[in-house]
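Observations on the three-dimensional arrangement
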Amino acid sequence: ILAVLPANVDFHNSQILSEAKKVDPKGGRTIPVLTKPDLIDDGGETSVKDLLLGNKTDHFVRGFHMVKGRGQKELNENTGIEDALEKEDAFFRNKEPWRNVEDKSKLGTKSLRVKLAELQMNLIHSSFGSIISEMKSLADESAKVNRLAECLG
């Protein structure tokens, strides 16, 4: 579950997180994604950074992530995705307190893509055993049906 919420609102009162907790009470399948870090009130950055780093909650096993999408001005100017990604990288590289976050894998769209791709591959790999087992079972069943058909044949 990607629970997307703006970084400039109180996450404890977030409807999306309360809905996610209903279907994922242990927090193992939810990644809260904070957006709009450029809109955080001055002085609120430290609190949001603590949230991002998991210092405010341990409910989400996969941790929080933060992205900065295109703003309305960039959308109006038809800023392309690649340019927007470069601006996002520069924002997290240069802006306090984000530039001092040691775990850069928590910041940016590119890192989120990597995180989601790794998660998807892990889920696929973990499913292989049961898929192969089911295929063998179906193949055995099919072989039995074929033998029976030959006997009746």
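Here, every reference points to the structure presented above.
Read on for a plain summary of the structure. (Residues numbered from 1 in each chain as written. Predicted model: local features only at pLDDT ≥ 70, side-chain atom pairs only at ≥ 80, totals over all residues. Heavy atoms only, no water.)

What the three strands build is an open sheet, ordered β1-β2-β3; its pairing is parallel. The sheet terminates laterally at β1 (2-6) and β3 (65-66), the two strands that pair on one side only. Of the strand pairs in this sheet, β1 and strand β2 (residues 31-35) are connected by five bridges, and their pairing is parallel. For proline 6, the partnering residue across the bridge sits in β2 and is threonine 35. Running over the sheet, helix α1 (residues 15-23) touches β1 and β2 and is turned about 160 degrees from β1. (Pairing = 2+ DSSP bridges. Helix = DSSP H or I, 4+ residues; strand = E, 2+ residues; numbered from the N terminus. Contact = heavy atoms within 4.5 Å. Axes fitted to C-alpha atoms, helices over the stretch in contact; angles between N-to-C directions.)

What follows is about a nonpolar patch on the surface. A surface patch of nonpolar side chains, about 540 Å² in accessible area, is lined by Met121, Ile124, Phe128, Ile131, Ile132 and Met135. The topology assignment puts methionine 135 in helix α5 (residues 109-152). When its relative accessible area of 53% is taken as the criterion, methionine 135 is described as exposed. (Patch = residues over 30% accessible without salt bridge, like charges linked within 9 Å, V, L, I, M, F, W, Y side chains within 5 Å. Areas by Shrake-Rupley, 256 points an atom, 1.4 Å probe, with all protein chains shown as cover. Salt bridge = Lys/Arg side-chain N within 4 Å of Asp/Glu carboxyl O. Buried < 20%, exposed > 50% of the residue type's maximum accessible area, 1.4 Å probe, protein only.)

Bear in mind that shape data such as this cannot, by itself, settle questions of function.
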